[in-house]
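# Fold and contact review
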Amino acid sequence: MSAKLLCVTSLVFNTASADPIYAEDFDAALPPVPDTVDGTSVIGTWLLTFTDLATYEATDTDGNKSVALVKAVGRVYSLVQPKATYDVESQEYIYDYSRPQPLRLSCLPFDDEDGTPDTPDTWENSYESHNSYYNPSTGVEKPTGTLSVTFNGDGTVQGEGSYTQHPAGFSGRFLRDNLISHTLTFSGIKISDTPSIADNDDFDTTINAPCFGAIQLKKKRQNITATSTEILPSYWLESNKQTLTPPYFDNYDFYAEVFSAKEGRTYIHRLTLK
Amino acid sequence: MMSRKLSYLALAFTSIVVTSACSEKDDHDTTDADFNSAIIFNDYGTYGRTVYFKDINDELWCYYDLMTISNPETVTLTLSSPIKGSCSTNQDLTTVSYDLTIVGESRSDNKETHITTIIEDDIRYRGVYSAGVYQQTSEVNNPLIFFKPFNSDVLVSLRLIKKNEELFANHVFFSDYIMPSPTELQARVDRGNVQTIEEAEELYAVFMILEGYLDHMRYQEPYPVTETDYFPHSVVNRHNIYTDYAYQKLSPSEGDPYPLNQIRVE
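Report on the accompanying structure. (Residues numbered from 1 in each chain as written. Chains lettered and ligands numbered in written order. Predicted model: local features only at pLDDT ≥ 70, side-chain atom pairs only at ≥ 80, totals over all residues. Heavy atoms only, no water.)

### Points about the overall build of chain A
Basically, it comes down to this: To qualify as a helix, a DSSP run of H or I must reach at least 4 residues; to qualify as a strand, a run of E must reach at least 2; elements of each kind are numbered from the N terminus. What the globule rule says is 2.2 Å times the number of residues to the power 0.38, and the radius of gyration is computed from C-alpha atoms. Under the scheme applied here, a residue whose accessible area is under 20% of the maximum for its type counts as buried, over 50% as exposed, and between as partly exposed, the area being computed with a 1.4 Å probe on protein chains only. In this description, contact between two residues means that some pair of their heavy atoms is separated by no more than 4.5 Å. By the counting rule applied here, Lys and Arg register as positive and Asp and Glu as negative, while His and the ends of each chain are not counted. Throughout, a charge is located at the NZ atom of Lys, the CZ atom of Arg, the CG atom of Asp or the CD atom of Glu.
Secondary structure assignment for chain A yields one helix and 14 strands. In terms of C-alpha radius of gyration, chain A reaches 20 Å, essentially the compact-globule figure of 19 Å for 274 residues. With respect to the principal axes defined by its C-alpha atoms, chain A has extents near 60 × 45 × 45 Å. Considering chain A as a whole, with its 274 residues, one finds that 47% of them fall into the buried category. Of the contacts formed within chain A by residues at least 6 apart in sequence, a portion of 57% connects residues at least 24 apart. Put simply, chain A has 20 plus and 37 minus side-chain charges, and the middle of one group is 8 Å from the middle of the other.

### Topic: the sheet that holds strand β9 (residues 203–205) of chain A
Residues and elements named next belong to chain A. Just so we agree on the cut-off: Strands are treated as partners if at least two bridges between them are detected by DSSP. Geometry is summarised by axes, namely lines fitted to C-alpha atoms with helices restricted to the contacting stretch, and by angles between N-to-C directions that run from 0 to 180 degrees.
Strand order across the open sheet formed by four strands is β9-β14-β13-β12, with antiparallel pairing between neighbours. Looking at which strands have only one partner, the edges of the open sheet turn out to be β9 and β12 (241–250). Between one strand and the next, the sheet's axes are offset by a mean angle of 5°, whatever the strand orientation. Across seven bridges, the pairing between β12 and strand β13 (residues 253–260) is antiparallel. Counterpart to threonine 245 in the pairing with β13 is glutamate 257.

### Re the state of the cysteines
Let me state the cut-off plainly: Working definition: a disulfide is two cysteine sulfur atoms within 2.5 Å of each other.
This structure, assessed with the given rule, holds two disulfides over all chains. The residue that forms a disulfide with A:Cys107 is A:Cys211, at a sulfur-sulfur distance of 2.0 Å. Residues A:Cys107 and A:Cys211 are joined by a disulfide whose S-S torsion is about -60°; by sign, that bridge is left-handed. Here A:Cys211 lies in strand β10 (residues 211–221) and A:Cys107 lies in the loop between β4 (92–100) and β5 (126–135), a separation of 104 residues in the sequence. Exposure remark for A:Cys211: the relative accessible area of 3% places this residue in the buried category. A sulfur-sulfur separation of 1.8 Å characterises the disulfide bridge that pairs B:Cys62 with B:Cys87. Linking B:Cys62 and B:Cys87, the disulfide has an S-S dihedral of approximately -100° and is accordingly described as left-handed.

### A look at the environment of A:Pro195
Residues and elements named next belong to chain A. Inspection of the secondary structure assignment puts proline 195 in the loop between β8 (178–192) and β9. Given the relative accessible area of 15%, proline 195 is considered buried. Not counting chain neighbours up to four residues away, the residues in contact with proline 195 comprise Ile43, Gly44, Thr45, Leu79, Val80, Gln81, Pro82 and Tyr97.

### Considering the pairing of strand β2 (residues 65–80) of chain A
Side chains on a regular strand alternate between the two faces of the sheet. All names here are of chain A. Counting buried positions over the 16 residues of β2 gives 12, a clear majority of the element. Relative to β2, strand β1 (residues 44–59) runs antiparallel, the two being bridged by 16 bridges. Considered in β2, the bridge of threonine 51 is made with valine 73. Count of turn residues in the β1/β2 antiparallel hairpin: five residues, of which glycine 63 carries a positive phi of about 90°. Inspection of the sheet shows β2 paired to β10 by 11 bridges, in the antiparallel sense. For valine 73, the partnering residue across the bridge sits in β10 and is glutamine 216.

### Description of the sheet that holds β1(A)
Residues and elements named next belong to chain A. Reading across from one edge, β5-β6-β7-β8-β1-β2-β10-β11 is the order of the eight strands in this open sheet, with antiparallel pairing throughout. Strands at the two margins of the open sheet, each flanked by one partner only, are β5 and β11 (224–232). Averaged over all neighbouring strand pairs, the angle between strand axes comes to 10°, with direction disregarded. Two strands pair when backbone bridges link them, and β10 and β11 are joined in this way by nine bridges, in the antiparallel orientation. Within β11, the residue paired with isoleucine 215 across the bridge is glutamate 230.

This is the structure:
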(Lines give C-alpha, C1' and ligand atoms only; values in the text may rest on other atoms or scores of the structure.)
Protein backbone atom coordinates (compact mmCIF):
# COMPACT_ATOMS: atom_id res chain seq x y z
CA MET A 1 0.00 0.00 0.00
CA SER A 2 2.78 2.43 0.88
CA ALA A 3 4.48 1.81 -2.47
CA LYS A 4 1.24 2.61 -4.24
CA LEU A 5 0.87 5.85 -2.31
CA LEU A 6 4.41 6.88 -3.19
CA CYS A 7 3.76 6.16 -6.85
CA VAL A 8 0.56 8.20 -6.92
CA THR A 9 2.14 11.03 -4.99
CA SER A 10 4.93 11.30 -7.51
CA LEU A 11 2.38 11.53 -10.29
CA VAL A 12 0.48 14.25 -8.52
CA PHE A 13 3.55 16.42 -8.24
CA ASN A 14 4.53 16.24 -11.88
CA THR A 15 5.03 19.55 -13.60
CA ALA A 16 1.83 21.12 -14.84
CA SER A 17 0.93 20.51 -18.44
CA ALA A 18 1.01 23.53 -20.67
CA ASP A 19 -1.51 22.13 -23.10
CA PRO A 20 -5.20 21.49 -22.56
CA ILE A 21 -6.02 17.94 -21.52
CA TYR A 22 -8.64 16.33 -23.75
CA ALA A 23 -10.41 13.02 -23.29
CA GLU A 24 -7.66 10.75 -24.53
CA ASP A 25 -5.32 12.20 -21.89
CA PHE A 26 -7.67 12.42 -18.93
CA ASP A 27 -5.34 10.08 -17.06
CA ALA A 28 -2.44 12.50 -17.37
CA ALA A 29 -0.79 13.73 -14.19
CA LEU A 30 -2.48 16.49 -12.29
CA PRO A 31 -0.75 19.85 -11.82
CA PRO A 32 0.97 20.54 -8.48
CA VAL A 33 -0.96 21.67 -5.44
CA PRO A 34 -1.31 25.46 -5.62
CA ASP A 35 0.81 27.32 -3.09
CA THR A 36 -2.25 29.22 -1.95
CA VAL A 37 -4.05 26.30 -0.33
CA ASP A 38 -3.72 24.92 3.16
CA GLY A 39 -2.85 21.30 2.60
CA THR A 40 -3.26 20.38 6.24
CA SER A 41 -7.00 20.99 6.12
CA VAL A 42 -9.18 18.60 4.16
CA ILE A 43 -12.08 21.04 3.78
CA GLY A 44 -12.15 22.75 0.42
CA THR A 45 -12.38 22.07 -3.31
CA TRP A 46 -10.47 19.18 -4.85
CA LEU A 47 -9.55 18.18 -8.39
CA LEU A 48 -9.43 14.40 -8.85
CA THR A 49 -8.29 12.11 -11.63
CA PHE A 50 -9.88 8.68 -11.55
CA THR A 51 -10.10 5.34 -13.30
CA ASP A 52 -13.03 2.99 -12.93
CA LEU A 53 -13.25 -0.53 -14.34
CA ALA A 54 -16.75 -1.98 -14.47
CA THR A 55 -18.36 -5.23 -15.54
CA TYR A 56 -21.91 -5.39 -16.83
CA GLU A 57 -23.80 -8.55 -17.58
CA ALA A 58 -26.96 -9.24 -19.58
CA THR A 59 -28.76 -12.57 -19.69
CA ASP A 60 -31.19 -13.82 -22.30
CA THR A 61 -34.18 -16.02 -21.51
CA ASP A 62 -32.16 -19.14 -22.32
CA GLY A 63 -29.63 -18.25 -19.66
CA ASN A 64 -26.88 -17.13 -22.05
CA LYS A 65 -24.80 -14.31 -20.65
CA SER A 66 -23.25 -11.35 -22.40
CA VAL A 67 -20.52 -9.41 -20.63
CA ALA A 68 -19.57 -5.79 -21.22
CA LEU A 69 -16.45 -4.22 -19.74
CA VAL A 70 -16.41 -0.48 -19.22
CA LYS A 71 -13.31 1.55 -18.49
CA ALA A 72 -13.97 5.10 -17.39
CA VAL A 73 -11.12 7.58 -17.08
CA GLY A 74 -11.77 11.13 -16.10
CA ARG A 75 -11.34 14.15 -13.93
CA VAL A 76 -13.83 15.66 -11.53
CA TYR A 77 -13.99 18.58 -9.17
CA SER A 78 -15.29 17.62 -5.76
CA LEU A 79 -15.90 19.23 -2.38
CA VAL A 80 -15.14 18.36 1.21
CA GLN A 81 -17.63 20.41 3.17
CA PRO A 82 -18.02 21.01 6.88
CA LYS A 83 -20.86 19.35 8.70
CA ALA A 84 -24.01 21.44 8.49
CA THR A 85 -26.69 21.10 11.13
CA TYR A 86 -30.07 22.71 10.78
CA ASP A 87 -31.12 24.61 13.86
CA VAL A 88 -34.88 24.50 14.04
CA GLU A 89 -35.20 27.47 16.41
CA SER A 90 -33.03 29.91 14.48
CA GLN A 91 -33.89 28.28 11.15
CA GLU A 92 -30.25 28.55 10.19
CA TYR A 93 -27.47 26.11 9.40
CA ILE A 94 -24.58 25.77 11.78
CA TYR A 95 -21.29 24.69 10.20
CA ASP A 96 -18.77 22.62 12.14
CA TYR A 97 -15.36 22.79 10.44
CA SER A 98 -13.94 20.21 12.82
CA ARG A 99 -16.23 17.60 11.27
CA PRO A 100 -15.56 17.35 7.53
CA GLN A 101 -17.98 15.48 5.31
CA PRO A 102 -16.79 12.91 2.76
CA LEU A 103 -15.82 13.93 -0.75
CA ARG A 104 -18.82 14.66 -2.94
CA LEU A 105 -18.56 11.97 -5.60
CA SER A 106 -22.15 11.74 -6.78
CA CYS A 107 -21.20 12.60 -10.36
CA LEU A 108 -18.88 9.64 -10.79
CA PRO A 109 -20.16 7.28 -13.49
CA PHE A 110 -21.25 4.36 -11.31
CA ASP A 111 -22.08 6.19 -8.10
CA ASP A 112 -25.84 6.01 -8.62
CA GLU A 113 -25.57 2.25 -9.07
CA ASP A 114 -23.72 1.57 -5.84
CA GLY A 115 -26.46 2.45 -3.39
CA THR A 116 -26.17 4.94 -0.58
CA PRO A 117 -22.77 5.02 1.13
CA ASP A 118 -22.64 4.83 4.89
CA THR A 119 -19.89 7.20 5.95
CA PRO A 120 -18.55 7.95 9.42
CA ASP A 121 -19.75 10.98 11.26
CA THR A 122 -16.28 12.02 12.38
CA TRP A 123 -12.89 11.54 10.76
CA GLU A 124 -9.69 13.51 10.34
CA ASN A 125 -7.39 12.37 7.55
CA SER A 126 -9.02 9.23 6.24
CA TYR A 127 -12.35 7.50 6.11
CA GLU A 128 -14.06 4.42 4.75
CA SER A 129 -17.42 4.66 3.06
CA HIS A 130 -19.52 1.50 2.99
CA ASN A 131 -22.36 0.49 0.69
CA SER A 132 -24.90 -2.22 1.32
CA TYR A 133 -28.49 -3.22 0.74
CA TYR A 134 -31.07 -4.49 3.14
CA ASN A 135 -33.76 -7.16 3.00
CA PRO A 136 -36.41 -6.48 5.66
CA SER A 137 -38.15 -9.80 5.06
CA THR A 138 -35.03 -11.74 6.02
CA GLY A 139 -33.38 -9.12 8.22
CA VAL A 140 -30.15 -9.47 6.24
CA GLU A 141 -27.98 -6.48 5.39
CA LYS A 142 -25.51 -7.32 2.64
CA PRO A 143 -22.34 -5.26 2.12
CA THR A 144 -21.60 -4.38 -1.51
CA GLY A 145 -18.62 -2.08 -1.44
CA THR A 146 -16.08 -0.02 0.44
CA LEU A 147 -14.30 3.15 -0.59
CA SER A 148 -11.13 4.03 1.33
CA VAL A 149 -10.00 7.65 1.12
CA THR A 150 -6.76 9.02 2.57
CA PHE A 151 -5.76 12.68 2.77
CA ASN A 152 -2.01 13.06 3.08
CA GLY A 153 -1.91 16.40 4.87
CA ASP A 154 -0.09 18.06 1.96
CA GLY A 155 -3.03 18.87 -0.29
CA THR A 156 -3.13 15.47 -1.95
CA VAL A 157 -5.60 12.62 -1.62
CA GLN A 158 -5.94 9.01 -2.76
CA GLY A 159 -8.98 6.78 -2.90
CA GLU A 160 -9.66 3.18 -3.73
CA GLY A 161 -12.95 1.30 -3.78
CA SER A 162 -14.49 -1.87 -5.04
CA TYR A 163 -18.17 -2.69 -5.40
CA THR A 164 -20.33 -5.69 -6.14
CA GLN A 165 -23.89 -5.92 -7.39
CA HIS A 166 -26.49 -3.70 -5.74
CA PRO A 167 -30.23 -3.23 -6.39
CA ALA A 168 -29.52 0.31 -7.57
CA GLY A 169 -27.52 -1.11 -10.46
CA PHE A 170 -30.28 -3.44 -11.62
CA SER A 171 -31.71 -2.66 -15.05
CA GLY A 172 -33.72 -5.72 -15.93
CA ARG A 173 -33.70 -9.44 -15.44
CA PHE A 174 -33.34 -10.34 -19.11
CA LEU A 175 -31.57 -8.67 -22.03
CA ARG A 176 -30.52 -5.66 -19.98
CA ASP A 177 -27.07 -4.71 -18.76
CA ASN A 178 -26.78 -5.01 -15.00
CA LEU A 179 -23.80 -3.61 -13.17
CA ILE A 180 -22.07 -6.61 -11.60
CA SER A 181 -18.96 -5.03 -10.12
CA HIS A 182 -16.51 -2.21 -10.49
CA THR A 183 -13.33 -0.85 -8.96
CA LEU A 184 -12.52 2.81 -8.55
CA THR A 185 -9.16 4.41 -7.95
CA PHE A 186 -8.44 8.11 -7.81
CA SER A 187 -5.89 10.65 -6.72
CA GLY A 188 -6.32 14.35 -6.34
CA ILE A 189 -5.09 17.76 -5.30
CA LYS A 190 -6.69 20.48 -3.30
CA ILE A 191 -7.18 23.65 -5.35
CA SER A 192 -9.11 25.88 -2.95
CA ASP A 193 -9.70 26.15 0.79
CA THR A 194 -13.30 27.18 0.18
CA PRO A 195 -15.75 24.22 0.09
CA SER A 196 -17.94 25.62 -2.66
CA ILE A 197 -17.86 26.03 -6.42
CA ALA A 198 -20.24 28.92 -7.04
CA ASP A 199 -19.63 30.80 -3.81
CA ASN A 200 -15.85 30.84 -4.01
CA ASP A 201 -13.61 33.89 -4.49
CA ASP A 202 -10.86 31.66 -5.86
CA PHE A 203 -12.91 30.75 -8.93
CA ASP A 204 -14.32 32.50 -11.93
CA THR A 205 -17.04 30.07 -12.95
CA THR A 206 -20.46 29.47 -14.46
CA ILE A 207 -20.87 26.24 -12.52
CA ASN A 208 -22.89 25.53 -9.41
CA ALA A 209 -22.48 21.81 -8.75
CA PRO A 210 -20.65 19.99 -5.96
CA CYS A 211 -19.26 17.35 -8.31
CA PHE A 212 -18.56 17.84 -12.02
CA GLY A 213 -16.00 17.12 -14.73
CA ALA A 214 -15.64 14.81 -17.69
CA ILE A 215 -14.88 11.20 -18.53
CA GLN A 216 -13.85 9.06 -21.43
CA LEU A 217 -15.71 5.73 -21.52
CA LYS A 218 -14.47 2.67 -23.38
CA LYS A 219 -17.10 -0.05 -23.55
CA LYS A 220 -15.99 -3.45 -24.80
CA ARG A 221 -18.39 -6.24 -25.66
CA GLN A 222 -17.39 -9.31 -27.65
CA ASN A 223 -14.20 -7.63 -28.94
CA ILE A 224 -16.06 -4.57 -30.10
CA THR A 225 -14.98 -1.39 -28.35
CA ALA A 226 -16.98 1.83 -28.36
CA THR A 227 -15.44 5.02 -27.05
CA SER A 228 -17.36 8.07 -25.90
CA THR A 229 -16.69 11.25 -23.98
CA GLU A 230 -19.19 12.59 -21.48
CA ILE A 231 -19.41 15.55 -19.20
CA LEU A 232 -20.46 15.16 -15.58
CA PRO A 233 -22.90 15.30 -13.96
CA SER A 234 -24.81 13.37 -16.59
CA TYR A 235 -27.88 15.60 -16.32
CA TRP A 236 -25.90 18.35 -18.06
CA LEU A 237 -26.52 16.38 -21.25
CA GLU A 238 -30.15 15.47 -20.67
CA SER A 239 -33.05 16.61 -22.81
CA ASN A 240 -31.59 16.44 -26.29
CA LYS A 241 -28.43 18.40 -25.53
CA GLN A 242 -25.20 17.90 -27.40
CA THR A 243 -21.62 18.83 -26.70
CA LEU A 244 -20.39 21.67 -28.92
CA THR A 245 -16.90 22.03 -27.51
CA PRO A 246 -15.45 18.79 -26.13
CA PRO A 247 -14.66 19.06 -22.45
CA TYR A 248 -11.06 19.84 -21.60
CA PHE A 249 -8.93 20.66 -18.59
CA ASP A 250 -6.16 23.22 -18.61
CA ASN A 251 -4.07 23.10 -15.44
CA TYR A 252 -6.74 23.72 -12.79
CA ASP A 253 -9.39 24.92 -15.20
CA PHE A 254 -12.30 23.26 -16.98
CA TYR A 255 -14.30 24.12 -20.06
CA ALA A 256 -17.16 22.57 -22.04
CA GLU A 257 -19.94 23.90 -24.23
CA VAL A 258 -23.28 22.16 -24.51
CA PHE A 259 -26.01 23.10 -26.98
CA SER A 260 -29.66 22.46 -26.27
CA ALA A 261 -31.65 22.16 -29.48
CA LYS A 262 -34.85 22.15 -27.49
CA GLU A 263 -34.06 25.43 -25.79
CA GLY A 264 -32.10 26.90 -28.66
CA ARG A 265 -29.23 27.99 -26.45
CA THR A 266 -25.68 27.07 -25.54
CA TYR A 267 -24.60 26.29 -21.99
CA ILE A 268 -21.01 27.13 -21.10
CA HIS A 269 -19.60 25.12 -18.21
CA ARG A 270 -16.42 26.89 -17.22
CA LEU A 271 -14.25 27.09 -14.15
CA THR A 272 -11.06 29.11 -13.91
CA LEU A 273 -8.81 29.26 -10.89
CA LYS A 274 -7.94 32.94 -10.45
CA MET B 1 -37.06 -6.33 15.59
CA MET B 2 -36.78 -7.14 11.89
CA SER B 3 -34.58 -10.19 12.15
CA ARG B 4 -36.05 -13.45 10.96
CA LYS B 5 -34.98 -16.92 11.93
CA LEU B 6 -34.84 -19.21 8.95
CA SER B 7 -34.19 -22.17 11.19
CA TYR B 8 -37.52 -21.50 12.83
CA LEU B 9 -39.19 -21.54 9.44
CA ALA B 10 -37.45 -24.74 8.53
CA LEU B 11 -39.03 -26.44 11.50
CA ALA B 12 -42.41 -24.99 10.75
CA PHE B 13 -42.47 -26.21 7.19
CA THR B 14 -40.83 -29.57 7.28
CA SER B 15 -44.01 -31.32 6.23
CA ILE B 16 -44.60 -28.92 3.38
CA VAL B 17 -41.14 -29.35 1.97
CA VAL B 18 -41.71 -33.04 1.41
CA THR B 19 -44.58 -32.39 -0.97
CA SER B 20 -43.13 -29.37 -2.71
CA ALA B 21 -44.66 -28.92 -6.15
CA CYS B 22 -43.13 -30.71 -9.09
CA SER B 23 -44.12 -27.93 -11.47
CA GLU B 24 -41.27 -25.83 -10.22
CA LYS B 25 -37.93 -26.23 -11.93
CA ASP B 26 -34.40 -25.15 -11.33
CA ASP B 27 -32.67 -24.93 -14.67
CA HIS B 28 -30.61 -21.76 -14.46
CA ASP B 29 -27.68 -20.34 -12.63
CA THR B 30 -28.42 -19.57 -8.99
CA THR B 31 -25.00 -18.41 -7.88
CA ASP B 32 -26.31 -15.18 -6.39
CA ALA B 33 -29.43 -15.76 -4.36
CA ASP B 34 -30.54 -12.16 -4.84
CA PHE B 35 -29.62 -11.39 -8.45
CA ASN B 36 -29.87 -14.05 -11.14
CA SER B 37 -31.85 -15.19 -14.16
CA ALA B 38 -32.95 -18.50 -12.70
CA ILE B 39 -36.59 -19.29 -13.37
CA ILE B 40 -37.64 -21.43 -10.45
CA PHE B 41 -41.26 -20.53 -9.91
CA ASN B 42 -43.15 -20.96 -13.16
CA ASP B 43 -46.68 -21.89 -12.11
CA TYR B 44 -47.88 -18.54 -13.29
CA GLY B 45 -51.26 -17.20 -12.39
CA THR B 46 -53.26 -15.28 -9.81
CA TYR B 47 -53.49 -16.58 -6.28
CA GLY B 48 -55.75 -15.39 -3.48
CA ARG B 49 -56.28 -15.84 0.22
CA THR B 50 -57.96 -14.24 3.19
CA VAL B 51 -55.93 -13.02 6.15
CA TYR B 52 -57.29 -12.30 9.61
CA PHE B 53 -55.95 -10.06 12.35
CA LYS B 54 -57.17 -8.58 15.60
CA ASP B 55 -57.30 -4.91 16.47
CA ILE B 56 -56.44 -3.32 19.80
CA ASN B 57 -59.91 -4.12 21.10
CA ASP B 58 -59.36 -7.78 20.30
CA GLU B 59 -61.90 -7.65 17.51
CA LEU B 60 -61.36 -9.76 14.42
CA TRP B 61 -60.81 -8.28 10.96
CA CYS B 62 -60.27 -9.88 7.57
CA TYR B 63 -58.90 -8.78 4.21
CA TYR B 64 -58.36 -10.33 0.80
CA ASP B 65 -54.78 -10.78 -0.35
CA LEU B 66 -53.98 -11.62 -3.98
CA MET B 67 -50.69 -12.33 -5.72
CA THR B 68 -50.30 -12.37 -9.49
CA ILE B 69 -47.15 -13.74 -11.12
CA SER B 70 -47.58 -13.78 -14.89
CA ASN B 71 -43.96 -13.85 -15.99
CA PRO B 72 -40.46 -14.12 -14.49
CA GLU B 73 -40.08 -10.35 -14.25
CA THR B 74 -43.07 -8.98 -12.33
CA VAL B 75 -45.21 -9.73 -9.30
CA THR B 76 -48.44 -7.83 -8.68
CA LEU B 77 -49.82 -7.78 -5.15
CA THR B 78 -53.40 -6.74 -4.47
CA LEU B 79 -55.12 -6.10 -1.15
CA SER B 80 -58.71 -5.36 -0.26
CA SER B 81 -59.84 -2.97 2.42
CA PRO B 82 -60.30 -4.75 5.77
CA ILE B 83 -63.68 -6.08 6.82
CA LYS B 84 -64.77 -6.43 10.42
CA GLY B 85 -65.45 -10.06 11.20
CA SER B 86 -65.38 -12.45 8.30
CA CYS B 87 -64.39 -11.71 4.72
CA SER B 88 -67.22 -11.31 2.27
CA THR B 89 -67.75 -9.86 -1.18
CA ASN B 90 -71.33 -8.87 -0.40
CA GLN B 91 -70.19 -5.31 -0.03
CA ASP B 92 -68.09 -2.92 -2.09
CA LEU B 93 -64.42 -3.40 -1.38
CA THR B 94 -61.68 -0.98 -2.32
CA THR B 95 -58.43 -2.52 -3.46
CA VAL B 96 -54.88 -1.39 -3.99
CA SER B 97 -52.42 -3.16 -6.32
CA TYR B 98 -48.71 -2.59 -6.75
CA ASP B 99 -46.10 -4.09 -9.01
CA LEU B 100 -42.83 -5.55 -7.82
CA THR B 101 -39.88 -6.10 -10.14
CA ILE B 102 -38.22 -9.49 -9.81
CA VAL B 103 -34.41 -9.34 -9.64
CA GLY B 104 -33.72 -12.99 -8.86
CA GLU B 105 -35.03 -16.34 -7.72
CA SER B 106 -33.38 -18.95 -5.56
CA ARG B 107 -34.21 -22.06 -3.61
CA SER B 108 -33.39 -22.16 0.07
CA ASP B 109 -32.17 -25.21 1.94
CA ASN B 110 -35.69 -25.94 3.08
CA LYS B 111 -36.98 -25.72 -0.52
CA GLU B 112 -38.59 -22.35 -0.17
CA THR B 113 -38.53 -20.38 -3.38
CA HIS B 114 -37.18 -16.91 -2.71
CA ILE B 115 -38.17 -14.30 -5.24
CA THR B 116 -36.17 -11.17 -4.55
CA THR B 117 -37.91 -8.01 -5.63
CA ILE B 118 -37.55 -4.26 -5.83
CA ILE B 119 -39.99 -1.46 -6.57
CA GLU B 120 -38.83 0.89 -9.25
CA ASP B 121 -41.58 3.48 -8.87
CA ASP B 122 -44.52 4.24 -6.67
CA ILE B 123 -46.94 2.68 -9.13
CA ARG B 124 -50.12 1.58 -7.43
CA TYR B 125 -53.50 0.95 -8.87
CA ARG B 126 -56.64 1.47 -6.89
CA GLY B 127 -59.84 -0.31 -7.65
CA VAL B 128 -63.29 -1.16 -6.39
CA TYR B 129 -64.64 -4.69 -6.28
CA SER B 130 -68.42 -4.66 -6.37
CA ALA B 131 -70.82 -7.52 -7.04
CA GLY B 132 -68.14 -9.59 -8.74
CA VAL B 133 -66.92 -6.75 -10.95
CA TYR B 134 -63.55 -5.06 -10.62
CA GLN B 135 -63.10 -1.50 -11.76
CA GLN B 136 -59.81 0.33 -11.61
CA THR B 137 -60.05 3.86 -10.28
CA SER B 138 -57.67 6.76 -10.60
CA GLU B 139 -54.42 6.38 -8.75
CA VAL B 140 -54.04 8.34 -5.54
CA ASN B 141 -50.51 9.14 -4.53
CA ASN B 142 -49.55 8.18 -1.06
CA PRO B 143 -48.43 11.33 0.74
CA LEU B 144 -46.23 9.25 3.00
CA ILE B 145 -43.88 8.20 0.27
CA PHE B 146 -43.84 11.30 -1.86
CA PHE B 147 -40.08 11.27 -1.62
CA LYS B 148 -39.57 9.02 -4.57
CA PRO B 149 -37.71 7.07 -5.68
CA PHE B 150 -38.02 4.15 -3.35
CA ASN B 151 -35.01 3.31 -1.29
CA SER B 152 -32.67 1.66 -3.78
CA ASP B 153 -30.79 0.09 -0.88
CA VAL B 154 -33.65 -2.29 -0.20
CA LEU B 155 -34.85 -5.45 -1.82
CA VAL B 156 -37.46 -7.72 -0.34
CA SER B 157 -37.83 -11.48 -0.55
CA LEU B 158 -41.12 -13.06 -1.42
CA ARG B 159 -40.81 -16.51 0.10
CA LEU B 160 -43.01 -19.19 -1.44
CA ILE B 161 -43.74 -22.80 -0.64
CA LYS B 162 -46.13 -24.64 -2.92
CA LYS B 163 -48.32 -27.47 -1.78
CA ASN B 164 -50.82 -29.01 -4.16
CA GLU B 165 -52.72 -26.07 -5.62
CA GLU B 166 -52.01 -23.74 -2.76
CA LEU B 167 -49.17 -21.39 -2.08
CA PHE B 168 -47.88 -20.25 1.25
CA ALA B 169 -46.06 -16.92 1.30
CA ASN B 170 -44.92 -14.13 3.52
CA HIS B 171 -46.57 -10.78 3.14
CA VAL B 172 -44.63 -8.17 1.20
CA PHE B 173 -45.89 -4.61 1.40
CA PHE B 174 -44.80 -1.58 -0.60
CA SER B 175 -43.55 0.31 2.42
CA ASP B 176 -40.93 -2.42 2.92
CA TYR B 177 -39.06 -0.81 0.05
CA ILE B 178 -38.51 2.45 1.86
CA MET B 179 -37.26 0.78 5.01
CA PRO B 180 -33.68 1.69 5.88
CA SER B 181 -31.60 -1.05 7.41
CA PRO B 182 -31.36 -0.81 11.20
CA THR B 183 -27.73 0.26 11.05
CA GLU B 184 -28.35 2.76 8.29
CA LEU B 185 -31.29 4.25 10.09
CA GLN B 186 -29.31 4.61 13.29
CA ALA B 187 -26.42 6.17 11.39
CA ARG B 188 -28.74 8.65 9.74
CA VAL B 189 -30.23 9.62 13.04
CA ASP B 190 -26.81 9.89 14.71
CA ARG B 191 -25.24 12.11 12.14
CA GLY B 192 -28.27 14.03 10.95
CA ASN B 193 -27.30 12.85 7.47
CA VAL B 194 -26.70 16.29 6.08
CA GLN B 195 -24.02 17.31 3.67
CA THR B 196 -25.54 20.34 2.02
CA ILE B 197 -28.29 22.77 2.77
CA GLU B 198 -30.44 21.27 0.06
CA GLU B 199 -30.01 17.76 1.36
CA ALA B 200 -30.60 18.89 4.89
CA GLU B 201 -33.88 20.52 4.00
CA GLU B 202 -35.03 17.51 2.05
CA LEU B 203 -33.94 14.95 4.57
CA TYR B 204 -35.30 16.90 7.46
CA ALA B 205 -38.73 16.81 5.88
CA VAL B 206 -38.43 13.16 4.97
CA PHE B 207 -37.22 11.82 8.25
CA MET B 208 -39.60 13.78 10.36
CA ILE B 209 -42.22 11.77 8.54
CA LEU B 210 -40.34 8.53 8.30
CA GLU B 211 -39.40 8.46 11.94
CA GLY B 212 -42.96 8.95 12.98
CA TYR B 213 -43.96 6.31 10.53
CA LEU B 214 -41.52 3.76 11.88
CA ASP B 215 -42.53 4.53 15.42
CA HIS B 216 -46.05 3.75 14.41
CA MET B 217 -44.96 0.41 13.06
CA ARG B 218 -42.86 -0.41 16.07
CA TYR B 219 -45.08 0.47 18.93
CA GLN B 220 -48.70 0.45 17.87
CA GLU B 221 -50.81 -2.60 18.38
CA PRO B 222 -52.76 -3.91 15.42
CA TYR B 223 -55.62 -1.71 14.44
CA PRO B 224 -57.35 -0.77 11.23
CA VAL B 225 -56.57 2.73 10.08
CA THR B 226 -58.54 4.94 7.79
CA GLU B 227 -55.82 4.72 5.15
CA THR B 228 -56.69 1.22 4.14
CA ASP B 229 -53.53 0.64 2.18
CA TYR B 230 -51.52 0.92 5.39
CA PHE B 231 -53.27 -1.76 7.30
CA PRO B 232 -51.02 -4.75 6.59
CA HIS B 233 -48.51 -3.14 8.92
CA SER B 234 -50.87 -4.09 11.66
CA VAL B 235 -50.47 -7.78 11.04
CA VAL B 236 -48.07 -9.27 13.53
CA ASN B 237 -45.12 -11.18 12.03
CA ARG B 238 -46.37 -10.53 8.54
CA HIS B 239 -42.99 -11.44 7.04
CA ASN B 240 -43.36 -14.95 8.30
CA ILE B 241 -45.13 -17.35 6.05
CA TYR B 242 -48.79 -17.51 6.89
CA THR B 243 -49.29 -21.17 7.61
CA ASP B 244 -52.90 -20.53 8.46
CA TYR B 245 -53.66 -18.58 5.30
CA ALA B 246 -52.79 -20.38 2.09
CA TYR B 247 -53.11 -18.91 -1.35
CA GLN B 248 -55.34 -20.80 -3.74
CA LYS B 249 -55.01 -20.50 -7.48
CA LEU B 250 -57.78 -18.44 -9.08
CA SER B 251 -59.22 -18.13 -12.55
CA PRO B 252 -59.12 -14.45 -13.42
CA SER B 253 -60.57 -12.99 -16.58
CA GLU B 254 -59.93 -9.83 -18.51
CA GLY B 255 -62.90 -8.11 -16.87
CA ASP B 256 -62.22 -9.59 -13.47
CA PRO B 257 -58.45 -9.74 -12.98
CA TYR B 258 -58.78 -9.98 -9.21
CA PRO B 259 -61.68 -12.39 -8.61
CA LEU B 260 -62.18 -11.97 -4.89
CA ASN B 261 -65.36 -14.01 -4.91
CA GLN B 262 -63.40 -17.11 -5.98
CA ILE B 263 -61.37 -17.01 -2.79
CA ARG B 264 -62.30 -19.52 -0.17
CA VAL B 265 -63.26 -17.71 3.04
CA GLU B 266 -61.58 -19.32 6.01
